[in-house]
Amino acid sequence: GRLISDCYLLTPRIGQGLRVSSTSKDRCRVDDGKLFTVFSYVKNGFEKEIFDLRDKKLLRVENDTVASTVLTTRGKSIEFGKTNANSWQITKPGPLRADDYAVGNLIRSVGNAEMTAVIESAENSANRYSFRRPFASVEIIDEAGLHVLTIAKVRGDDEKYYAKSSDTAGIFEISSTVASEPVSY
């Protein structure tokens with residue numbers, strides 16, 4: 001195959017500047033200088049920003065090896081401990097049987113939480129944003145150690161949430177769906 005040296009949108013023209021009617025095709029130049037028509041999705045494959053290509057997961061949790069988790073919302077904490085391969089128990093505030101499906105779902109949803117934007121990527125960025133009274137916090141312990149996701153709600157905006165992670169440095173924006181997931185338990 002030929003190496004595509006640059007792929008870009010050229011204004012579709014024929015002859016003396018006449019525009020081609022609406023089309024979903026773009027032009028792509030290959031290494032020998034020839035110009036070819038390609039579908040837009042080929043061109044879109046080359047138009048990526050760094051954020052589009054980065055790993056957006058906030059935690060590095062191995063769901064199969066999770067031993068315990070602590071969910072804190074509205075100033076109250078609930079601690080869960082695994083009793084066997086698929087069974088969970090509420091260990092604090094008291095020993096109670098837990099809904100295995102709900103706890104597993106909580107761990108999966110928090111473990112799969114993804115950022116929607118990078119607010120600040122610096123190591124010390126947590127000092128600029130208030131996480132003193134978080135909207136929610138989830139601590140998960142697996143064989144790799146402790147993983148913490150802390151979620152803060154932006155004041156005056158019911159739909160905007162920030163998060164910080166013990167596994168990924170920085171402050172990130174997350175969707176309201178991801179933010180409300182821990183609170184629903």
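For the structure itself, consult the block above.
Presented here is a report on the structure given in the accompanying data block.

If a strand is regular, its side chains alternate between the two faces of the sheet. Both strand 11 (residues 136-142) and strand 12 (residues 145-153) contribute to a ladder of seven bridges, which runs antiparallel. The partner of Ala136 across the bridge, within strand 12, is Ile151. The turn linking strand 11 back onto strand 12 is made up of two residues. Across five bridges, strand 12 lies against strand 13 (residues 161-165) in antiparallel orientation. In the strand pairing of strand 13, Lys153 is matched with Tyr161.

Let's shift gears to unusual backbone geometry. That bond from Lys92 to Pro93 is cis: its omega, 20 degrees, falls within 30 degrees of zero. Although it is not a glycine, Arg74 adopts a positive phi angle of roughly 50 degrees. Examined against the element boundaries, Arg74 turns out to sit in the loop between strand 6 (68-73) and strand 7 (76-82). Under the relative-accessibility criterion, Arg74 is labelled exposed at 66%.

Judged from the four bridges that link them, strand 7 and strand 8 (residues 88-92) form a sheet pairing that is antiparallel. Across the sheet, residue Lys82 finds its bridge partner in strand 8, namely Trp88. Taking the residues between adjacent antiparallel strands as the criterion, strand 7 and strand 8 are bridged by five residues. Inspection of the sheet shows strand 8 paired to strand 9 (residues 96-97) by two bridges, in the antiparallel sense. Pairing of Gln89 across the sheet is with Arg97, part of strand 9.

Once that is clear, we can look at the sheet that holds strand 8. Spatially, 9-8-7-6-11-12-13-14-10 is the arrangement adopted by the nine strands of the open sheet, whose pairing is antiparallel. Sheet topology places strand 9 and strand 10 (117-120) at the edges, where each strand pairs with a single neighbour. Sheet topology note: the strand 6/strand 11 ladder contains six bridges and is antiparallel. Across the sheet, Val70 pairs through a bridge with Glu139, a residue of strand 11. The strands touched by helix 3 (residues 100-111) within the sheet are strand 6, strand 7, strand 8, strand 11 and strand 12, with strand 8 carrying the most contacts at an inclination of about 80 degrees.

What counts and how
- Residues numbered from 1 in each chain as written.
- Predicted model: local features only at pLDDT ≥ 70, side-chain atom pairs only at ≥ 80, totals over all residues.
- Heavy atoms only, no water.
- Pairing = 2+ DSSP bridges.
- Helix = DSSP H or I, 4+ residues; strand = E, 2+ residues; numbered from the N terminus.
- Buried < 20%, exposed > 50% of the residue type's maximum accessible area, 1.4 Å probe, protein only.
- Contact = heavy atoms within 4.5 Å.
- Axes fitted to C-alpha atoms, helices over the stretch in contact; angles between N-to-C directions.

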